[in-house]
Amino acid sequence: MNPADHQQIRLLLAHYRGSTDSERAHVEAHLAGCADCRTVRAYQQQNLALRTLPSRAPTTRLYHHLTDEIARQQAPRPWYQRLSAGWHSWRSLPSCCSLS
Ligand SMILES: [Zn+2]
């Protein structure tokens, strides 16, 4: 099988409910011999199942915790902390490179 075959099957899987009987037969024959495309179908089925779950709003405590953490991470840092972060990335250089 060439990569275009897998691509075609995955496109047909995305529109499986609207496919013709011959397209479904083609897909099923391909899936019988292709573990990769079976995995793609399993993910698609899992995704569809997850979409049926009811959505729930986060608790007030979790909401405030998340918004505070986002604000903390997006806050501008002083120059000495940015410089320190850069120094840490350079400091690890000798451990990954041989200087012999
Ligand atoms: Zn395949």
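The structure we're discussing is the one just above.
Residues numbered from 1 in each chain as written. Predicted model: local features only at pLDDT ≥ 70, side-chain atom pairs only at ≥ 80, totals over all residues.

Peer 1: Hey, could you go over the overall build of the protein chain for me, with residue numbers and the actual values?
Peer 2: Assigned secondary structure in the protein chain consists of six helices and zero strands. Across the protein chain, helices and strands are ordered from the amino to the carboxyl terminus as α-α-α-α-α-α. Sorting the 100 residues of the protein chain into buried and exposed places 2% on the buried side. (Helix = DSSP H or I, 4+ residues; strand = E, 2+ residues; numbered from the N terminus. Buried ≥ 20, exposed ≤ 12 C-beta atoms within 10 Å, placed from the backbone.)

Peer 1: Account for helix α3 (residues 35-51), naming residues and giving values.
Peer 2: Here α3 is 17 residues long and its end C-alpha atoms lie 24 Å apart, about the 24 Å a rise of 1.5 Å per residue gives. Judged by how many residues are buried, α3 sits mostly at the surface: one of 17 residues are covered. (Expected span 1.5 Å × (residues − 1).)

Peer 1: Which residues make up helix α2 (residues 21-33), and what values do they have?
Peer 2: For α2, with 13 residues, the first-to-last C-alpha span of 19 Å sits near the 18 Å given by 1.5 Å per residue. Burial analysis of α2 places just zero of its 13 residues in the buried class, which makes it a mostly uncovered element.

Peer 1: Tell me about the packing of helix α1 (residues 3-14) against α3, and name the residues and values.
Peer 2: Here α1 crosses α3 at 20°, and the two axes come no closer than 10 Å. If you check the angle between α1 and α3, you find them roughly parallel. As α1 runs across α3, the sense of the crossing is right-handed. The residues of α3 that touch α1, namely those facing H6, I9, R10 and L13, are D36, C37, V40, R41 and Q44. Grouping the constituent residues of the contact of α1 with α3 by class yields four nonpolar, two polar and three charged. (Axes fitted to C-alpha atoms, helices over the stretch in contact; angles between N-to-C directions. Parallel < 35°, antiparallel > 145°, perpendicular 65-115°, else oblique. Left-handed = near helix turned anticlockwise from the far one by under 90°. Contact = placed C-beta atoms within 7 Å. Nonpolar A, V, L, I, M, F, W, Y, C, P; charged D, E, K, R; others polar.)

Peer 1: Describe the packing of α1 against α2, listing the residues and the values that go with them.
Peer 2: It is the contact of α1 with α2, at a shortest axis distance of 10 Å, that shows an interaxial angle of 125°. Looking at the two axes, α1 sits oblique to α2. Note that α1 runs across α2; the crossing there is left-handed. The segment α1 lies against α2, with I9, L12 and L13 engaging E23, V27 and H30.

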